[in-house]
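# Coordinate analysis (summary)
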Amino acid sequence: MIVAVAVEEKVTDEVKRGALPSYFYRLSARAQRVWLKSDAIERLDLQPDAEMLSLAAALVTVVSSGSAARIAVAAQALTDRVCRSLRVRPVKVEVRGVRPHNARGELHGIFYPRGPAMQPGLPLIVLWMRTAQRRDVVKPRTFVRTLMHELGHYLDYVLLGLDDSYHTTGFFKRESFLMRTLLPSAPRSQ
Ligand SMILES: [Zn+2]
């Protein structure tokens with residue numbers, strides 16, 4: 001699982017340089033169409049309201065508490081609100097402690113379109129709240145970005161109707177769009 005994500009992140013670097021990743025050419029024609037469609041969409045039709053913004057602000061505040069239970073409640077509430085606004089069914093969010101890691105990096109979050117292999121079922125977002133080495137609680141903004149990243153994978157399937165969810169430049173633009181929309185006044189540097 002961790003190795004798969006490490007490979008995923010390498011692909012990410014290639015995409016961020018603006019070139020088509022090498023794996024693109026190994027995709028089927030149908031998958032290439034999905035990839036290009038993902039890359040072409042830069043934002044979502046999400047209209048934030050006061051309730052949504054306050055749920056996002058509440059999540060930022062509660063991350064520092066270090067309580068997985070409280071963070072999970074806040075992350076779920078924000079996710080539910082965004083899903084409701086986009087008129088897609090909700091997705092479960094689970095918050096765990098120390099990030100799994102190996103020599104190549106640590107796992108911030110993961111999205112299972114059909115539940116974990118050991119327990120197949122409904123889509124699931126898993127987020128980790130503590131760094132692997134120092135076991136510090138992650139920076140609130142980093143945590144929210146990870147949630148938006150994994151939610152972005154979910155929305156690729158249920159909102160955009162994509163057969164697969166790739167780390168395209170468009171995908172990262174949608175992730176940033178969600179961050180800007182939900183945390184409009186937060187500094188960009190964190
Ligand atoms: Zn991802």
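For every chain, the first residue of the written sequence is number 1, and numbering continues from 1 onward in sequence order. Residue-level local features of this predicted model are given only where pLDDT is at least 70; pairs of side-chain atoms are given and counted only at 80 or more, and the full residue set underlies all totals for whole chains, interfaces and linings.

### Section: the overall build of the chain
Starting at the N terminus, helices and strands are each numbered in turn, a helix being any DSSP run of H or I of at least four residues and a strand any DSSP run of E of at least two. On a plain count of helices and strands, the chain comes out with 6 helices and 5 strands. For the chain, the N- to C-terminal ordering of α and β elements is α-α-α-α-β-β-β-β-β-α-α. Neighbour density around each residue's C-beta defines its exposure: 20 or more other C-beta atoms within 10 Å make it buried, 12 or fewer make it exposed, and counts between make it partly exposed, where C-beta atoms are placed from the backbone. Looking at the chain residue by residue over its 190 residues, the buried ones come to 29%. Note that contacts rest on C-beta atoms placed from the backbone: two residues are in contact if these are within 7 Å. For the chain, the share of sequence-separated contacts (at least 6 apart) that also reach a separation of at least 24 residues comes to 66%.

### Let's talk about the confidence of the model for the chain
On average, residues of the chain score 90 in pLDDT, and 88% of them reach the 70 mark or higher. At the level of individual helices and strands, the chain shows its lowest average pLDDT in helix α1 (residues 2-16), which scores 48, and its highest in helix α4 (residues 68-86), which scores 98. Ignoring residues within four places in sequence, the model shows residues 1-11, a span with pLDDT below 50, making 13 contacts including any to other chains. Per-residue confidence from the predictor is reported as pLDDT, which spans 0 to 100.

### Let's talk about the nonpolar core
Considering soluble globular proteins, one finds that nonpolar side chains tend to be buried as a cluster. For our purposes the nonpolar core covers buried Ala, Val, Leu, Ile, Met, Phe, Trp, Tyr and Cys residues that link as a set through C-beta atoms within 7 Å. Core analysis: the largest hydrophobic core is formed by 30 residues, its most contacted members being Leu59, Ala75 and Leu127. Looking at this core, the elements that each hand over two or more residues are α3 (50-63), α4, β1 (92-98), β4 (109-112), β5 (124-130), α5 (140-158) and α6 (169-182). The leading source of residues in this core is α5, at 7 residues. Discounting residues that sit within four places of it in the chain, Leu127 has contacts with Ala75, Val93, Val95, Gly109, Phe143, Thr146, Leu147 and Glu150. Counting 5 residues, the second largest nonpolar core, distinct from the first, contains Val34, Trp35, Tyr166 and Phe171.

### Some points on the environment of Phe177
By the secondary structure assignment, Phe177 is in helix α6. Separated by 135 residues in sequence, Phe177 and Glu42 have C-alpha atoms that sit 7.6 Å apart. Among all residues touching Phe177, those that are not within four sequence positions of it are Glu42, Arg43 and Leu44.

### As for the packing of α3 against α4
The interhelical angle for the contact between α3 and α4, taken along N-to-C directions, is 160°, at an axis separation of 9 Å. Here α3 is positioned roughly antiparallel relative to α4, judged by the angle of their axes. As α3 runs across α4, the sense of the crossing is left-handed. The segment α3 lies against α4, with Glu51, Met52, Leu55, Ala56, Ala58, Leu59, Val62 and Val63 engaging Arg70, Ile71, Ala74, Ala75, Ala77, Leu78, Arg81, Val82 and Ser85. Residue composition of the contact of α3 with α4, by class: 13 nonpolar, 1 polar and 3 charged. To obtain an axis, a line is fitted to C-alpha atoms, over the contacting stretch when the element is a helix, and the angle between two such axes runs from 0 to 180 degrees between their N-to-C directions. Roughly parallel here means an angle under 35 degrees, roughly antiparallel means over 145, roughly perpendicular means 65 to 115, and every remaining angle is called oblique. Note on convention: the crossing is left-handed when the near helix lies turned anticlockwise from the far helix by less than a right angle, right-handed when the turn is clockwise. Nonpolar residues are Ala, Val, Leu, Ile, Met, Phe, Trp, Tyr, Cys and Pro. Charged residues are Asp, Glu, Lys and Arg, and all others, Gly as well, are polar.

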